[in-house]
Amino acid sequence: METMADAEPAKAKPRPIIRLGLFLISHSFIVSVACCAAGVFALLLLPVLAKNTYISENALMPGSASPMLSNDDVSRARIFVNKVVSFDFKTDSSSIGIQDLVAQHITDLGGEVNFHKFLPQVNKFNPLHFFSSPDQGIAQENYTCSSYGINTVGFIRAPRGDGKEAIVLVTPYNSVKTSMGEALSLGIAYSIFSLLTRVTWLAKDIIWLAADSQHGEYAAVAAWLREYHTPSFDGSGRSLFESNASPKTGRKRPNDFLRAGTMAAALVIKVTDGSEKAERDVLNLYAEASNGQMPNLDLINVVNYLAVNGQRLRVKVEKLGSLLDSWWLRSLAELFHKLGTVARSLNPQWNFGISVAEYIEGTATLASSLYNQALGVPTGPHGVFRDYQVDAITMEISAKRVANYKNRPNELLLQGGRLVEGVIRSVNNLLEKFHQSFFLYLLTSPNKFVSVGVYMIPFALLVAPLPMVAASLFADSTRRISGMETKVASSPASSDIPAISFRSWRWLHAAKTVFIVHIWGAVVTLLPHFLSLVQDSPPLINLLSWIILSAFTLLILQAILGSSFSLLHMNGTQGMEWTLLKSVTIAAACTGLCIMSVINFATAELGTLMLVPMCSMARPLMLDAKAKTLKSFIRAACNVVLIFLVFPPVAYYLWKGALVGLDNARVGDFWNWVESLWTWNSATYIYMCMVHLPCWVLCVHTLVYPC
C-alpha cells in the first residue's frame, strides 16, 4: 500500500479533441491546402447541389382561382396608355401633366389619391448612416424650386380588411419623357387597379405608387417610403414635401398624406423592349437588395409559378454572359456530367447527374447572384423596400416588338395584368407576413436554389485554415523565440543578465501593430466625408486623393501612437517576430470574415477567396531572397502578384472584368461604386475599409519585414 501511495501518478493523456487540435496544428500546411481545395471544389459543386424550389406557405395557393381581369379592363387600360403616350407629343405638356392624368383616372375608379413632392437626395457621405435606420437625409434647402419630383399615390381600401396591411404596386416612369415601356407598365397597374376597386375578396389595402423617376427610380421610391414610415414635419405640423392638391388644377384632396397598413409585399412593374428574335415574352426577376438581402423565396416562387403555368411567360433571372462561353466552365461541366453518370451506374438512387448546359447556366446564374449580393447595391427599386423589412421584387416584362405596340397591346396588358392579379390574390390570402421558406439563398435558375445550409459549407472550408495557421505560427514562433532566449541566457556573456520573463506575452507587440492598422482602417473609412465636401470633383481625382490621404494618415498614426512596425527593439529575436505578426493578422482576418458572413455572405465568400491565399502565403521577401532556390523564388513571385491583385481598386476591376466585362470600364468607376455603397448604407464598404484593406497593409508589412 505504501509503495502504491509513494508511486508517481501516471501522466494523464490529453483528451481526444486536444490531440486532434495538436495534430491539425502540427500539420497545418497539409490541412490548409486540403481545406482550400475542398472549399473551391464545394463552391463549384453548388449548381449540382441546387434543389427545386417549392412553395412552403400553403395559404398562398397560387393559381387556385381563375383570373378575373377582363377584356374591358384591358381596353380601358389601352385607352389610358394612349393618353400617357400622347403627352410626349404635346407642345404645351409639362412635367406634371401625367401625374394629374393618373390621379384623375384613380379618382374616377373610386380610389383615394394624393401627391407626394420630393427632391433628389444629395449623394453625400455620412458615416453615421451605417449605424442607423434607413437614410433620413433629404435636400431640404430650396425645396420650393421647380426641380422637385411628384409621386402619384392611389389607394384602395379593402372591403374585408381592417386597414392594418397593404400590398404595394410600383410603376416607375419619367414624367418629362415617358417611354413606351413605362406607359405600358402604367397601363398594367391601371388595369389591376380598375379590377380591384370592384372585387369583394380583397382583405389587404392596395397602394399604387406611380413613381416619378426623372431624378432616378431609387430616389422616387425611397423618398415616398421615408415619408411613409418616418415623416418629417415643419413648425406647423405639416409634412415638408406633402401636397394634397392637384399639381395642375390646384383641386384639393381630402387628406394630406395618405397611408395604409403594414406592407405585406411590394411588386415593381416594368416593361422593356425585348429581342425581335424572341419566341415569346420574357419575365426578368430582380431580387437582390442592399447588403445581400433577399425577399422571401416564396414570393419569387409564386411569381415564377404563375408566370410559367398561368401566362406562358419565360422566366429568367440575371446571369453572367461572360461565363456562358467559357471553355474552362464547359470542361468542368463535362467532368461533373461524367461523374454523375458514374454515380448513377453505381447506385441509381444517387441523383448526382446534371447536364452540361444546365450546369453552365446554373453557374452563370449563381455567379451573378453572388456578384450582385457582394456589391451590396440593389438591382432595382425593390431594394428600398428591403431596408424596411418588406419583401419586394422587380418584375420586368421584356416584350416582343414593344416599339410597334399597336399590333399587340391587349395581349401584353392582359398577360401582365393577370400575372399581377394572381400574385396579389396569393399575398392577399396570407394571415401573417412571409415567414416560411428561405430568406438566405442563392438562385441557380428561376426554379432552383441553394439554401444557406449548403452554401455555407464552401465558406467554412475556405476559412477553416486561418485559425489553424495562426495557431501553428504562434506555437512555432514562441518555441523558436524561447530557444533563442535560452541560448542568450545560458551564454557566459549574459550570466549576469536576468532571464526575460513573460515570454508568452510577446504577441502583444504584434497585436499592437495589428490594432493600429485597424484603427487606421477606421480613419480611412471616414476620409470620404471630407472629400465629399469638395463640390463637382471628378471621380478619378477623388480616388487618387483618397489613396494619398490614406497613406499619409498611416504615417501620421504610426508616429503618434508609436507603432511597432520596425520591431527593432526585439534584440536577438527580431528575425522571428514576423511570424507573430502574421499569426495575429490571420486571426484578425478570420474574425472579420466570420462577422461579415453573418451580414453579407457573398461579400465574405469573395473576400475569403482573396484574403486566405494572401494571408497564408505572406512571408518576408528577404528570407526567400536568402534561400536562393526555385521554390523560394516562385513563392516570392506569388506573394508579389497576390498583393497586387488583392489591392481593393485592382480587385474590383478584376472581378468586374472577369464577371461582367471591362469594355467601358474607367479608373473612376471604383469611386462611383463606393458612392453607391454610401447611398445604400452597404456593409461592404465597412468590410473593405476595416477588414480587407488593413489585412492587405499588414501582409505588405510582412513581405517587407527586415530579417
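Presented here is a report on the structure given in the accompanying data block.

Parameters at a glance
- Residues numbered from 1 in each chain as written.
- Predicted model: local features only at pLDDT ≥ 70, side-chain atom pairs only at ≥ 80, totals over all residues.
- Heavy atoms only, no water.
- Helix = DSSP H or I, 4+ residues; strand = E, 2+ residues; numbered from the N terminus.
- Buried < 20%, exposed > 50% of the residue type's maximum accessible area, 1.4 Å probe, protein only.
- Areas by Shrake-Rupley, 256 points an atom, 1.4 Å probe, with all protein chains shown as cover.
- Contact = heavy atoms within 4.5 Å.
- Expected span 1.5 Å × (residues − 1).
- Bend = angle between axes of the 7 residues up to and from the residue.
- Pairing = 2+ DSSP bridges.
- Right-handed = clockwise from strand over helix to strand, strands pointing away.
- Core = buried A, V, L, I, M, F, W, Y, C linked by side-chain atoms within 4.5 Å.
- Axes fitted to C-alpha atoms, helices over the stretch in contact; angles between N-to-C directions.
- Parallel < 35°, antiparallel > 145°, perpendicular 65-115°, else oblique.
- Nonpolar A, V, L, I, M, F, W, Y, C, P; charged D, E, K, R; others polar.
- Salt bridge = Lys/Arg side-chain N within 4 Å of Asp/Glu carboxyl O.

1. Some remarks on the overall build of the protein
Okay, step 1: Of the regular secondary structure elements, the protein holds 25 helices and twelve strands.
Okay, step 2: Looking at the 707 residues of the protein, the share that counts as buried comes to 51%.
Okay, step 3: Of the accessible surface of the protein, which amounts to about 32,700 Å², a share of 62% is contributed by carbon and sulfur atoms.

2. Some points on the environment of V221
Okay, step 1: If you trace the backbone, V221 turns up in helix α8 (residues 217-229).
Okay, step 2: Its relative accessible area of 0% is what places V221 among the buried residues.
Okay, step 3: Aside from chain neighbours lying at most four places away, what touches V221 is V170, L209, A211, P381, V384 and F385.

3. Some remarks on helix α20 (residues 601-617)
Okay, step 1: An ideal rise of 1.5 Å per residue puts 24 Å on 17 residues; α20 measures up with 24 Å between its terminal C-alpha atoms.
Okay, step 2: The axis of α20 is deflected most strongly, by about 30 degrees, at T608.
Okay, step 3: Most of α20 is tucked away: 13 of the 17 residues are buried.

4. Section: the pairing of strand β4 (residues 165-170)
Okay, step 1: Of all the six residues making up β4, five are buried; the element is thus mostly covered by neighbouring parts of the structure.
Okay, step 2: The pairing of β4 with strand β7 (residues 262-273) spans six bridges and is parallel. Bridging from a neighbouring strand, E165 pairs with T262 of β7.
Okay, step 3: Here five bridges tie β4 to strand β5 (residues 205-210), and the two strands are oriented parallel to one another. Bridge pairing in β5 places V168 opposite I207.
Okay, step 4: After leaving β4, the chain enters helix α7 (residues 180-196) and then returns to the sheet as β5, a path that is right-handed.

5. Concerning the nonpolar core
Okay, step 1: Judged by nonpolar contacts, the single largest core of 101 residues is most densely connected at I207, W224, F385, W546 and F670.
Okay, step 2: Considering each element in turn, this core owes the most residues, 13 residues, to helix α25 (residues 683-703).
Okay, step 3: Excluding residues that lie within four positions of it along the chain, I207 makes contacts with V153, G154, F155, A166, I167, V168, L169, W224, Y228 and A260.
Okay, step 4: By size, the runner-up hydrophobic cluster in this structure holds 74 residues, among which are A77, I397, L412 and V423.

6. Considerations on the packing of helix α19 (residues 577-599) against α20
Okay, step 1: Put simply, α19 and α20 touch, their axes get as near as 8 Å, and they point 170 degrees apart. As summarised for this structure, α19 and α20 are arranged roughly antiparallel, according to the angle between their axes. When α19 is examined against α20, the residues K582, I586, A589, L593, M596, S597 and I599 are found in contact with a partner set consisting of F601, T603, A604, G607, T608, L611, C615, S616 and M617.
Okay, step 2: Considering only residue class, the contact of α19 with α20 consists of ten nonpolar, five polar and one charged.

7. A short note on the pattern of salt bridges
Okay, step 1: By the definition in use, this model includes eleven salt bridges.
Okay, step 2: Of the charged contacts, one joins D73 and R76 as a salt bridge, the two residues approaching to 2.6 Å between their closest N and O atoms. One end of the pair is D73 and the other is R76, both in helix α5 (residues 71-86) and three residues apart, which spans about a single turn.
Okay, step 3: Close ionic contact of D624 with R635 constitutes a salt bridge, the shortest N to O distance being 2.8 Å. Placement of the pair is D624 in helix α21 (residues 621-627) and R635 in helix α22 (residues 630-646), with a sequence separation of eleven residues.
Okay, step 4: Among the residues examined, D624 registers a relative accessible area of 4% and is labelled buried.
Okay, step 5: Classification of R635 as partly exposed rests on a relative accessible area of 25%.
Okay, step 6: In the salt-bridge network here, residues are joined through shared partners; they are D73, R76 and R198.

8. Concerning the sheet that holds strand β12 (residues 448-451)
Okay, step 1: Spatially, β1-β12-β11 is the arrangement adopted by the three strands of the open sheet, whose pairing is antiparallel. Bordering the open sheet on either side are β1 (51-52) and β11 (441-445), each of which pairs with just one other strand.
Okay, step 2: Summarising the sheet, β11 and β12 pair through four bridges and their orientation is antiparallel. Bridge assignment links Y441 to a residue of β12, and that residue is S451.
Okay, step 3: Along the sheet, helix α15 (residues 452-463) contacts β11 and β12; its crossing angle with β12, the most-contacted strand, is approximately 60 degrees.

9. Some thoughts on unusual backbone geometry
A negative phi angle characterises most non-glycine residues, just as the trans form characterises most peptide bonds.
Okay, step 1: You will see that R312, though not glycine, has its phi angle at about 55 degrees, which is positive.
Okay, step 2: Here R312 shows up in the loop between α9 (297-310) and β9 (314-317).
Okay, step 3: Under the relative-accessibility criterion, R312 is labelled exposed at 57%.
Okay, step 4: Phi at Q389 takes a positive value of approximately 60 degrees, unusual for a residue other than glycine.
Okay, step 5: Turning to its location among the elements, Q389 is positioned in the loop between α13 (382-386) and β10 (392-399).
Okay, step 6: A relative accessible area of 46% means that Q389 is categorised as partly exposed.

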